[in-house]
Amino acid sequence: MKKEQDLQTLFAQGNYEKLKVEADRLLKINASNYDAMNALAVAYKNLGNTNKAREIFEKLINLDLKKDFVYSNAGNFFLNIGNVDQALKCHHHAVKLNPKNVNSLDSIGLALSNMGKDLEAIEFYKKSLKINNSNEYSHHNIGNSYRNLEKYKEASTHYELSTRNLSKCQQLECIYHLNDIEGFYTKLDIQSKNYHPHPLAATLSAHASIRFEKEDNYSFCNNPFDFIYSSNLFELEDFDETLIKNVFEVFNKSKINKKKQSLLKNGYQSSGNIFLINEEPIKKIEKIITNQIEIYKRKLSHFNSTLISKWPKDYNLYGWLIVMNKGGRLTGHMHKEGWLSGAIYLEMPDKTETNDGDIAFSLHGSNYPSDGKSFREEILEINKGDIVLFPSSLFHATIPFSSEQKRITFAFDIIPNDID
Ligand SMILES: [Fe+2]
């Protein structure tokens with residue numbers, strides 16, 4: 001009993017190195033100690049050793065244990081790495097063993113929402129809330145599904161029950177869609193006074209300032225177009241055709257599912273975080289991005305902006321691939337969970353028209369009501385090997401192209417861990 005508690009304490013402390021050592025020690029005494037196996041897999045997952053974590057989770061789920069937490073943890077892992085089918089199997093099994101497993105109920109909801117099945121997702125979140133009605137994450141997630149379905153009132157009611165910064169910003173967006181101008185400015189004021197600056201609140205404030213002809217007082221980056229950076233990696237970094245080929249090979253052999261993306265036409269997006277793939281080509285891309293971000297920060301440090309001055313101290317890189325075929329396009333959107341967003345263009349189609357496949361930045365997007373006002377837009381020319389970095393608050397869209405060649409983007413976000 002003491003030994004199990006030790007594992008749980010180390011897990012709760014986030015001390016994954018020690019958790020790994022302790023789990024290893026217990027497995028030497030008894031190789032079939034499933035608590036230790038589970039702890040070892042969780043430790044490897046959090047230490048970034050995805051291959052080892054996968055190996056142990058796969059072994060564990062094949063043991064056919066009657067322990068729901070084993071399947072729940074495995075399901076979380078598979079969802080993180082983008083293997084949605086496997087994640088769903090694990091979480092459904094966990095719920096079969098324990099119908100009150102809130103984590104698995106929520107995760108099934110997340111996976112279904114990922115697949116564009118928000119109506120079904122809502123049913124699972126409701127089951128989870130029936131067990132624990134004060135779970136902020138469940139309220140946030142069900143809010144997201146209602147928002148995806150454009151049921152803004154229902155979404156807003158659930159976001160109200162979560163204290164997370166992102167929930168408050170999502171709620172602000174719902175109120176904006178509902179054309180409640182007074183409610184919008186009241187909530188914007190509360191967010192800016194009580195929470196860390198957030199790109200979504202910045203986007204909304206900038207949009208509303210044009211729509212209602214008011215001053216934009218939100219502090220993030222006052223002129224986001226000044227904060228767009230691009231450079232060609234073939235000229236600067238350790239980046240070549242071999243690396244591009246190797247990234248595709250790694251991607252194709254990892255069992256990553258495609259994610260439903262309503263904004264994306266004639267293309268698909270990968271699920272999960274590509275940086276969790278523990279392979280050399282992905283590590284190389286990560287290093288290139290990290291170098292470029294440092295250059296970006298230095299180049300833009302002369303601007304007086306919250307974007308640079310309140311740069312997150314603790315953040316994760318989250319990456320995914322976007323593959324587009326002829327006619328492919330991604331309509332205007334911004335990255336709500338990011339701080340800085342970016343893309344590396346691994347393949348670009350030949351241009352038939354001047355701006356084919358280029359990126360258009362704008363202050364307008366996400367089907368926000370515009371009241372006939374005009375919003376600034378700028379097109380940036382994109383070539384193969386380009387890296388582009390920009391504030392996550394800025395809307396961007398892909399200009400459709402007519403070439404038969406694919407347009408393949410390695411997209412990424414800096415996701416702060418301290419602004420939630
Ligand atoms: Fe994007």
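Sequence order sets the numbering: in each chain, residues are counted from 1 along the sequence as written. Local features in this predicted model are restricted to residues whose pLDDT is 70 or higher, and side-chain atom pairs enter the listing and the counts only when it is 80 or higher, whereas totals over whole chains, interfaces and linings include all residues. The basis for every side-chain value is the complete set of non-hydrogen atoms in the structure, without hydrogens or water.

A.B. asks: Tell me about the overall build of the chain, and please be specific about residues and values.
C.D. replies: Runs of H or I in DSSP of at least four residues are treated as helices and runs of E of at least two as strands, each being numbered from the N terminus. When its secondary structure is counted, the chain shows 17 helices and 10 strands. Principal-axis analysis of the C-alpha atoms places the extent of the chain at approximately 65 × 55 × 40 Å. Burial analysis of the chain (420 residues in total) assigns 53% to the buried set. In these tables, accessible area is a Shrake-Rupley quantity obtained with a 1.4 Å probe, and a residue counts as shielded only by the protein chains included in the view. Carbon and sulfur atoms make up 47% of the accessible area of the chain, which amounts to about 19700 Å² in all. We call a residue buried when its accessible area falls under 20% of the maximum for its residue type, exposed when it is over 50%, and partly exposed in between, using a 1.4 Å probe and counting protein chains only.

A.B. asks: Describe the state of the cysteines, naming the residues involved and giving the relevant values.
C.D. replies: In this description, a disulfide is simply a cysteine sulfur pair whose atoms lie within 2.5 Å. According to the stated counting rule, one finds 0 disulfides in the structure shown. Its sulfur unpaired, cysteine 169 is 11 Å from the next cysteine sulfur, which belongs to cysteine 174. Overall, cysteine 174 belongs to the buried group, its relative accessible area being 0%.

A.B. asks: Lay out the layout of surface pockets with the relevant residues and their values.
C.D. replies: Cavities and pockets are defined on a 1 Å grid built over the protein atoms alone: a cavity is a set of grid points where a 1.4 Å probe fits but cannot escape, while a pocket is an open set with protein on both sides within 12 Å along at least five of seven lines, and lining residues are those with an atom within 4 Å of any such point. Grid points are joined across faces, edges and corners, and a volume is the space filled by probe spheres set on the points. Roughly 280 Å³ of volume is contained in the second largest pocket. What lines the second largest pocket is a set of 11 residues, among which Gln8, Phe11, Asn38, Phe69 and Asn73 lie closest to the centre. Looking at the lining of the second largest pocket, the elements that each hand over two or more residues are helix H1 (2-13), helix H3 (34-46) and helix H5 (68-80). Looking at the lining of the second largest pocket, its residues break down into 6 nonpolar, 3 polar and 2 charged. In this count, Pro and Cys sit with the nonpolar residues alongside Ala, Val, Leu, Ile, Met, Phe, Trp and Tyr, while Asp, Glu, Lys and Arg are called charged and the others, Gly among them, polar.

A.B. asks: How would you sum up empty space enclosed by the protein? Please name residues and give values.
C.D. replies: Throughout the structure, instances matching the rule amount to 1 cavity of 30 Å³ or more. By volume, the largest cavity is sized at about 40 Å³. Residue lining of the largest cavity: Arg54, Ile81, Asn83, Ser254, Lys255, Ile256 and Ile277, and that is the complete set. Taken together, the residues of the lining of the largest cavity break down into 3 nonpolar, 2 polar and 2 charged. How far each domain reaches was decided by an automatic or database domain assignment. Looking at which domains feed residues into the lining of the largest cavity, each of domain 1 (2-211) and domain 2 (224-416) gives three or more.

A.B. asks: Hey, could you go over the nonpolar core for me, with residue numbers and the actual values?
C.D. replies: Residue types Ala, Val, Leu, Ile, Met, Phe, Trp, Tyr and Cys, when buried and joined through side-chain atoms within 4.5 Å, form a set referred to as a nonpolar core. Residues Phe239, Ile289, Tyr296, Ile344, Leu346, Phe410 and Phe412 are the most contacted members of the largest nonpolar core, which totals 56 residues. The leading source of residues in this core is helix H16 (residues 280-300), at 7 residues. Counting contributing residues per domain, this core is built from domain 1 (2-211) and domain 2 (224-416), each supplying no fewer than three. By size, the runner-up hydrophobic cluster in this structure holds 48 residues, among which are Leu7, Val70, Ala74 and Ala87.

A.B. asks: Could you give an account of the environment of alanine 43, with specific residues and numbers?
C.D. replies: As for its placement among the helices and strands, alanine 43 is situated in helix H3. The class of alanine 43 is buried, set by a relative accessible area of 0%. Along the chain, alanine 43 and phenylalanine 220 lie 177 residues apart, while their C-alpha atoms are 36 Å from each other. Any two residues whose heavy atoms approach within 4.5 Å are treated as being in contact. Look past the residues within four positions of alanine 43 in its chain and what remains in contact with it is Tyr16, Leu19 and Lys20.

A.B. asks: Outline the coordination of the iron ion, listing residues and values.
C.D. replies: Atoms of type N, O and S within 2.8 Å of a metal are treated as its donors, and for Na, K and Ca the window is 3.2 Å; water is not considered, so some sites may appear to be missing partners. Note on the iron ion: its protein donors are His333 (NE2), His335 (NE2) and His396 (NE2). The metal-donor distances range over 2.1 Å. The sequence motif formed by the donor residues of the iron ion is H-x1-H-x60-H. One end of the pair, histidine 333, is in the loop between strand E4 (315-330) and strand E5 (340-347); the other, histidine 396, is in strand E9 (residues 395-398), and 63 residues separate them in sequence. Judged by relative accessible area, which is 9%, histidine 333 ranks as buried.

A.B. asks: With reference to specific residues and values, describe the sheet that holds E9.
C.D. replies: Strands are treated as partners if at least two bridges between them are detected by DSSP. Pairing is antiparallel in the open sheet, where 3 strands are placed in the order E7-E6-E9. A strand with exactly one partner marks an edge of an open sheet, and here the two such strands are strand E7 (377-380) and E9. Recorded for the sheet is a direction-independent mean angle of 25 degrees between the axes of neighbouring strands. Every axis corresponds to a line fitted to the C-alpha atoms, with the helix fit spanning only the stretch in contact, and the corresponding angles, defined between N-to-C directions, vary from 0 to 180 degrees.

A.B. asks: Give me the sheet that holds strand E10 (residues 407-416): which residues, what numbers.
C.D. replies: Here we have 7 strands laid out as an open sheet, ordered E1-E8-E5-E10-E4-E3-E2, and antiparallel in their pairing. The sheet is open, and its two borders are formed by strand E1 (229-232) and strand E2 (258-259), each paired with just one other strand. As paired strands, E5 and E10 are joined by 7 bridges and run antiparallel to one another. Bridge assignment links glutamate 347 to a residue of E10, and that residue is isoleucine 408. Packing of H16 onto the sheet brings it into contact with E1, E4, E5, strand E8 (386-391) and E10, and relative to E8 it is tilted by some 55 degrees.

A.B. asks: Residue-level account of unusual backbone geometry, with values.
C.D. replies: Positive phi, close to 50 degrees, is recorded for glutamate 213, a residue that is not glycine. Structurally, glutamate 213 is set in the loop between helix H13 (199-211) and E1. The backbone of asparagine 266 sits at a positive phi, close to 50 degrees, despite the residue not being glycine. Owing to a relative accessible area of 45%, asparagine 266 belongs among the partly exposed residues under this scheme.

A.B. asks: Lay out the domain arrangement of the chain with the relevant residues and their values.
C.D. replies: Domains assigned within the chain are domain 1 (2-211) and domain 2 (224-416). When each unit is reduced to the centre of its C-alpha atoms, the spacing between domain 1 and domain 2 is 25 Å. Summing the contributions of domain 1 and of domain 2, the shared interface buries around 2700 Å²; its carbon and sulfur component is 55%. For the domain 1 face of the interface with domain 2, the top three residues by lost area are His207, Ile210 and Arg211, together amounting to 22%. We count a salt bridge whenever a side-chain nitrogen from Lys or Arg sits within 4 Å of a carboxyl oxygen from Asp or Glu. For lysine 336, the salt bridge identified is with glutamate 173, shortest N-O distance 2.8 Å. Counting of polar contacts relies on pairs of N or O atoms within 3.5 Å, with two restrictions inside protein: one atom must be capable of donating a hydrogen and the other of accepting it, and residues adjacent in sequence are counted only when both atoms are side-chain atoms. At the boundary of domain 1 and domain 2, one finds 11 residue pairs in polar contact (both at pLDDT 80 or more). Only helix H4 (50-61), H5, helix H6 (84-97), helix H11 (165-177) and H13 provide two or more residues apiece to the side of domain 1 that touches domain 2. Per element, the largest residue contribution to the side of domain 1 that touches domain 2 is 8 residues, and it comes from H13. Here the quantity called buried area is the accessible surface, traced with a 1.4 Å probe, that two parts lose on coming together, added over both.

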